[in-house]
Amino acid sequence: MPTPPLRLLPWTPPEGNPRYLSTDDGRGLMSRIADDIEAAQLDSGEQVLAGARVVLADRKAGERAVRFALTRATESLEDVLRVAVSRGRRIPHPVE
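Note on numbering: residues in each chain are counted from 1, in written sequence order. With the structure being a predicted model, the display of local features is reserved for residues of pLDDT at least 70 and the display and counting of side-chain atom pairs for 80 or more, all residues being used for whole-chain, interface and lining totals. Hydrogens and waters are ignored; side-chain quantities use all the structure's heavy atoms.

Trainee: Before we go on, may I ask you to explain the pattern of salt bridges in this structure?
Mentor: A side chain of one charge can pair with a side chain of the opposite charge if their charged atoms are brought near each other. Take a side-chain nitrogen of Lys or Arg and a carboxyl oxygen of Asp or Glu: if they are within 4 Å of each other, that pair is a salt bridge. Evaluated as defined, the whole model comprises six salt bridges. Across the pair E15 and R19 runs a salt bridge, and its minimum N-O distance is 3.1 Å. Connected through salt bridges with shared partners, the residues R7, D35, E38, R87 and R90 form a single ionic network.

Here's what the structure looks like:
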């Protein structure tokens, strides 16, 4: 039986190194916490995207507003990419 892949967790500790979770079923406490954080990150990304669109549509938005929107969008994109990588690694690949 193949070993399940390690799950990339949706947070990075202060040292900046990625953290992984080894689990067989994905129903443990740490898996549920990671699922909840991923969901919150995706929801936040949707909200940041909506806010950035508003700022970009406002021709009178100043540099400060645009920089803030871009900073938040960058942070959210980083989170969403991490979720995508984590989930992509857990997709079973067919054996040929």
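Trainee: Mind showing me how you'd approach the packing of helix 1 (residues 29-57) against helix 2 (residues 63-89) here?
Mentor: Helix packing for two helices is described by the angle between their axes and how far apart those axes are. For the pair helix 1 and helix 2, the least separation of the axes is 9 Å and the interaxial angle reads 150°. The pairing of helix 1 with helix 2 is recorded here as roughly antiparallel in orientation. Both helix 1 and helix 2 take part in a crossing whose hand is left-handed. Where helix 1 abuts helix 2, its residues E38, Q41, L42, S44, G45, V48, A52 and V55 lie against A65, V66, A69, R72, A73, S76, D79, V80, V83, S86 and R87. In this analysis, axes come from line fits to C-alpha atoms, helices being fitted only over the stretch in contact, and the angle between any two N-to-C directions falls in the range 0 to 180 degrees. Numbering of helices and strands starts at the N terminus; helices are DSSP runs of H or I of at least 4 residues and strands are runs of E of at least 2. Should an angle lie under 35 degrees it is considered roughly parallel, over 145 roughly antiparallel, and from 65 to 115 roughly perpendicular; all remaining angles are considered oblique. By the definition used in this description, the sense in which the near helix is turned from the far one sets the handedness, with an anticlockwise turn below a right angle giving left-handed and a clockwise turn giving right-handed. Should any heavy atoms of two residues lie within 4.5 Å, those residues are counted as being in contact.

Trainee: Which parts of the structure should I look at to understand a nonpolar patch on the surface?
Mentor: Judged by side-chain polarity, L29, M30 and I33 come together as a nonpolar surface patch covering roughly 260 Å² of accessible area. For M30, the position within the fold is in helix 1. Like charges are joined within 9 Å and nonpolar side chains (Val, Leu, Ile, Met, Phe, Trp, Tyr) within 5 Å, but only among residues with over 30% relative accessible area and no salt bridge; these make up the patches. For accessible areas, the Shrake-Rupley method is used with a probe of radius 1.4 Å. Any residue's cover is judged against the shown protein chains and nothing else.

Trainee: It is not clear to me how the side chain of R82 should be interpreted in this structure. Could you clarify?
Mentor: Position of R82 among the secondary structure elements: in helix 2. Here L9 takes part through its backbone oxygen, which lies 2.8 Å from a polar atom of the side chain of R82. Pairs of N or O atoms within 3.5 Å make up the polar contacts considered here, provided that, within protein, one atom can donate a hydrogen while the other can accept it, and that residues adjacent in sequence are counted only when both atoms are side-chain atoms.

Trainee: I'm lost on the side chain of S76 in this one. Help?
Mentor: Inspection of the secondary structure puts S76 in helix 2. Using a relative accessible area of 8% as the deciding quantity, one classes S76 as buried. In this view, S76 contacts S44, G45 and V48; residues no more than four positions away in its chain are not counted. Accessibility here uses a 1.4 Å probe with only protein chains present; expressed as a share of the type maximum, an area under 20% marks a residue as buried, one over 50% as exposed, and anything in between as partly exposed.

Trainee: Please explain helix 1 as it appears in this structure.
Mentor: Think of an α-helix as turning once every 3.6 residues; residues three or four places apart then point the same way. Expected span of a helix: the number of residues minus one, times 1.5 Å. For helix 1, spanning 29 residues, the distance from its first C-alpha to its last is 42 Å, which sits close to the expected 42 Å at 1.5 Å a residue. Burial in helix 1 covers these residues: S31, A34, E38, Q41, G45, V48, A52 and V55. Against the buried residues of helix 1 lie strand 1 (7-8), strand 2 (20-21) and helix 2.

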